[in-house]
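What follows is the residue order along each chain.
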Amino acid sequence: MRRLVKLAMQKPELASAMLLLLLVVLFQFRSDGVFLSVNNVRGFLGLLPETALVAVGVTLLMISGEFDLSVGSVFALMPMTMAVLVVAGWPFWVAVMLGLMLCALIGFLNGWLTIRFDIPSFITTLGMLFMARSLTVVISGGFPPRIKPGEVPSWIFVGFVDEGGLIRASVLWFIGIAIGMSLLLSRTNFGNWVRATGGFLPAAAAMGIPTGKVKIACFMICSVLAGFAGMIQSLRLNSFLPSLGEGMELQAVAAAVIGGTSLYGGVGSIIGGLIGAILIRVIDNGMVMSQVDGNWFKFAIGALTIFAVVGNAWLRRRGRAMKVETDK
Amino acid sequence: MTTPIIETRELHKWYSGVHALKGVSLKVESGEAVGLVGDNGAGKSTLINILSGLHHQDSGDVLVEGRPADIRSPKDAMRLGIETIYQYNSMVPLMTISRNVFIGREPLKWSIWGIGILDERKMREESVKAIADVDLHLRSPDALVGELSGGQRQGVAIARAMHFKSKVMILDEPTNHLSVKETAKVIGFVKGLKAQGVTSIFISHNMHHVFACCNRIVAMALGKVVLDKPAAETSIEEVSALL
Ligand SMILES: Nc1ncnc2c1ncn2[C@@H]1O[C@H](COP(=O)(O)OP(=O)(O)OP(=O)(O)O)[C@@H](O)[C@H]1O
Ligand SMILES: [Mg+2]
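Conventions and cut-offs
Residues numbered from 1 in each chain as written. Chains lettered and ligands numbered in written order. Predicted model: local features only at pLDDT ≥ 70, side-chain atom pairs only at ≥ 80, totals over all residues. Heavy atoms only, no water. Helix = DSSP H or I, 4+ residues; strand = E, 2+ residues; numbered from the N terminus. Rg over C-alpha atoms; globule rule 2.2 N^0.38 Å. Buried < 20%, exposed > 50% of the residue type's maximum accessible area, 1.4 Å probe, protein only. Near = heavy atom within 4 Å. Polar contact = N/O pair within 3.5 Å; in protein donor to acceptor, adjacent residues only side chain to side chain. Nonpolar A, V, L, I, M, F, W, Y, C, P; charged D, E, K, R; others polar. Pairing = 2+ DSSP bridges. Axes fitted to C-alpha atoms, helices over the stretch in contact; angles between N-to-C directions. Contact = heavy atoms within 4.5 Å. Phe/Tyr/Trp six-rings, centres within 6.5 Å; stacked < 30°, edge-to-face > 60°. Lys NZ or Arg CZ within 6 Å of the ring centre and 35° of its normal. Buried area = accessible area lost by both parts, 1.4 Å probe. Salt bridge = Lys/Arg side-chain N within 4 Å of Asp/Glu carboxyl O.

A.B. asks: Teacher, can you tell me more about the overall build of chain A here?
C.D. replies: When helices and strands are counted, chain A shows 14 helices and 0 strands. When its helices and strands are written in sequence order, chain A yields α-α-α-α-α-α-α-α-α-α-α-α-α-α. What you see for chain A is a C-alpha radius of gyration of 20 Å, in line with the 20 Å of a compact globule of 328 residues. The dimensions of chain A, computed from C-alpha atoms along their principal axes, are 70 × 55 × 35 Å. The buried share of chain A, taken over its 328 residues, is 52%.

A.B. asks: Help me understand the site of ligand 1 in this model?
C.D. replies: All names here are of chain B. Within the structure, ligand 1 sits among 13 residues, and N40, K44, S45, T46 and H205 are positioned closest to it. S45 places a polar side-chain atom, nitrogen or oxygen, 2.7 Å from an oxygen atom of ligand 1. Contact between ligand 1 and H205: an oxygen atom at 2.7 Å from a side-chain N or O atom of the residue. Those elements giving two or more residues to the shell around ligand 1 turn out to be strand 2 (18-28) and helix 1 (44-51). Among the elements that line the shell around ligand 1, the one with the most residues is helix 1, at 3 residues. Along the lines of polarity and charge, the residues of the shell around ligand 1 split into 4 nonpolar, 6 polar and 3 charged.

A.B. asks: Whenever I open this one, the sheet that holds strand 9 (residues 168-172) of chain B confuses me. Can you help?
C.D. replies: Either a parallel or an antiparallel arrangement is found when strands of a sheet pair, and the pairing is made through backbone hydrogen bonds. Residues and elements named next belong to chain B. The strand order across the open sheet formed by 6 strands is 6-9-10-3-11-12, and the pairing between neighbours is mixed. Of all the strands in the sheet, just strand 6 (82-85) and strand 12 (224-230) have a single pairing partner and so form its edges. Averaged over all adjacent pairs, the angle separating strand axes in this sheet is 15 degrees, with direction ignored. Pairing analysis gives 4 bridges linking strand 6 to strand 9, with the strands arranged parallel. What sits directly across from T84, in strand 9, is I170. Docked against the sheet, helix 1 engages strand 3 (33-38), strand 6, strand 9, strand 10 (199-203) and strand 11 (216-221), running at close to 140 degrees with respect to strand 3.

A.B. asks: Explain the packing of aromatic side chains here, please?
C.D. replies: Pairs of aromatic rings are described using the distance from one ring centre to the other and the angle between the two planes. Residue and element names in this part refer to chain A. Enumeration over the complete set of coordinates arrives at 9 aromatic pairs over all chains. Judged by centre distance (5.7 Å) and plane angle (80 degrees), the ring pair of F157 and F228 falls under edge-to-face. Highlighted residues: F157 in helix 7 (residues 155-158) and F228 in helix 11 (residues 211-237), separated in sequence by 71 residues. For the residue pair F157 and F228, the accessibility class agrees, reading buried in each case. Both rings, one in W296 and one in F299, keep their centres 5.2 Å apart while their planes meet at 85 degrees; by these two values the pair is edge-to-face. Of this pair, W296 and F299 both sit in helix 14 (residues 296-327), 3 residues apart, roughly one helical turn. Using a relative accessible area of 56% as the deciding quantity, one classes F299 as exposed. These aromatic residues form a ring-pair network of at least three members: F92, W93, F157, W173 and F228. Here the basic side chain of R116 rests over the ring of F117, its NZ or CZ set 5.1 Å away from the ring centre.

A.B. asks: Sorry if this is basic, but what is going on with unusual backbone geometry here?
C.D. replies: Backbone geometry follows two general trends: most residues other than glycine have a negative phi, and most peptide bonds adopt the trans configuration. Of note in this structure, Q291 of chain A is not a glycine but carries a positive phi near 60 degrees. Within the secondary structure, Q291 of chain A sits in the loop between helix 13 (270-289) and helix 14. Residue classification places Q291 of chain A among the exposed residues on the basis of a relative accessible area of 73%. For W113 of chain B, which is not a glycine, the phi torsion comes out positive at approximately 50 degrees. The class of W113 of chain B is exposed, set by a relative accessible area of 86%.

A.B. asks: Looking at this model, I keep getting lost on the interface of chain B and chain A. Mind explaining?
C.D. replies: On the chain A side, the residues contacting the 28 residues of chain B number 21 residues. Here chain B meets chain A over a buried area of about 2,200 Å², counting both sides, of which 62% is carbon and sulfur. Along the contact surface separating chain B from chain A lie 1 salt bridge. Across the salt bridge formed by E120 of chain B and R187 of chain A, the nearest N and O atoms sit 2.9 Å from each other. Our count for the chain B to chain A interface comes out at 8 residue pairs in polar contact (both at pLDDT 80 or more).

Okay, structure coming up:
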């Protein structure tokens with residue numbers, strides 16, 4: 001038991017991974033095998049990279065000790081900007097780069113305002129949530145821009161890569177980015193600074209880490225990932241809607257927390273945020289496939305989030321109690 | 001007379017209305033162990049925060065080894081060989097010992113624009129060595145700092161400063177909230193510094209601790225230096241009477 005508690009403490013994402021496995025088996029059984037059918041997995045793998053990329057960015061930012069509520073709006077603003085530019089005659093790649101740069105700018109503003117005026121990022125990014133959403137509607141001009149299929153090389157992001165039409169390019173993009181982010185956090189000096197900044201700010205600052213810049217960088221990465229994810233979704237659906245990604249910010253926070261990321265910073269992992277995001281998708285999809293009333297979805301996510309936070313707090317207390325024992 | 005390793009001239013510092021330092025001039029000779037004492041709010045932390053780059057003086061000069069030093073950040077102070085150990089602020093509890101030892105100064109296998117891959121083996125090996133050098137014995141460099149006792153944590157902080165070849169070590173109330181046994185350990189570390197030729201400035205409210213490991217006593221009251229004598233020429237009674 002003690003070893004189990006200790007392991008769960010060091011790897012909080014482990015419990016979520018086990019729950020995930022359990023749910024997959026349960027849904028497969030309850031849906032009479034439809035859950036893991038090719039058709040359902042295809043749909044699942046289409047949506048997953050989009051929500052998981054947002055969760056990855058939010059997880060990184062939360063580890064640095066900050067929040068971003070504007071990711072859902074940025075998720076819509078980036079593809080809208082890109083589509084409007086393409087319709088106006090700009091080359092696709094230039095439009096993509098400009099869209100991503102706008103995201104980086106929003107991330108920079110989120111971070112700079114938060115640090116410069118020493119205000120909670122909860123508030124800064126809540127403001128940005130409204131502003132970015134409003135901008136999205138304004139630049140769409142009320143009419144969603146239309147891009148003809150084939151007009152832009154969207155296959156690079158969302159084309160199927162296998163013969164059977166199961167896996168899209170977005171899955172590969174997502175895997176690459178997730179591995180990159182995970183290495184950035186665990187194997188580089190930047191990752192060390194992120195953890196130190198979120199773990200104990202005065203220590204990080206006293207050791208000469210540019211904590212403000214580190215946080216701003218995390219805000220920027222988070223925004224760019226959200227925008228990139230929104231672009232993938234829009235290209236997959238081939239529609240550019242101002243309402244895209246509404247409510248996404250809280251799902252991303254839930255994913256991070258379910259994966260073991262602390263709300264106080266310093267604790268968490270990219271893989272944890274990822275597992276959290278997969279769990280949310282599995283619950284959403286599995287409930288539909290097992291013909292449970294879809295309105296229970298938000299209830300389930302909410303309950304799971306609370307359960308995860310309570311569970312992690314309990315583990316940490318247990319861990320502390322254990323240390324006292326080993327001291328003697 | 002030799003050049004002082006650290007000299008301050010007429011330092012003034014205001015905190016929005018509070019005049020925390022009112023012209024502090026101080027010389028610290030190389031190899032000395034200076035005990036800095038004074039009542040709460042006397043300005044001790046303010047003075048050392050200026051030396052360690054957390055704050056900047058409103059007027060006055062700091063000289064390091066005789067040269068004017070413009071210390072604007074903790075990095076600047078570290079570059080000049082000044083390391084500071086605080087009561088709490090020097091370690092991240094949820095990170096491992098080896099990661100803590102190298103925070104902000106990580107050895108890299110390769111890098112672009114200062115960001116790169118950590119050389120974790122080197123971090124582990126060198127932190128083990130640094131810790132052994134201050135006579136601290138810990139099981140593993142992969143243990144979390146949060147699992148260490150308060151005294152062990154200060155030991156790791158001192159080991160870190162030694163590893164980076166600090167010339168001056170400032171310790172701001174490093175024994176607060178420590179048990180008697182742990183305090184003795186930290187006092188032992190401070191005595192060890194003198195043996196290794198490191199200059200130290202030790203701040204404490206406990207006169208016995210200060211007299212036990214320092215050879216010079218500086219007392220501050222209300223933002224001014226009120227006493228500056230070799231430890232042998234003063235006594236706990238004389239210093240206490242001034243505060
Ligand atoms: N960041 C700050 N903002 C405003 N006032 C401050 C700040 N830091 C210190 N002061 C004030 O400056 C004066 C000197 O404080 P300082 O912390 O240097 O004293 P100290 O000698 O270290 O005291 P202690 O023994 O309690 O640590 C005090 O009046 C304090 O209230
Ligand atoms: Mg103080």
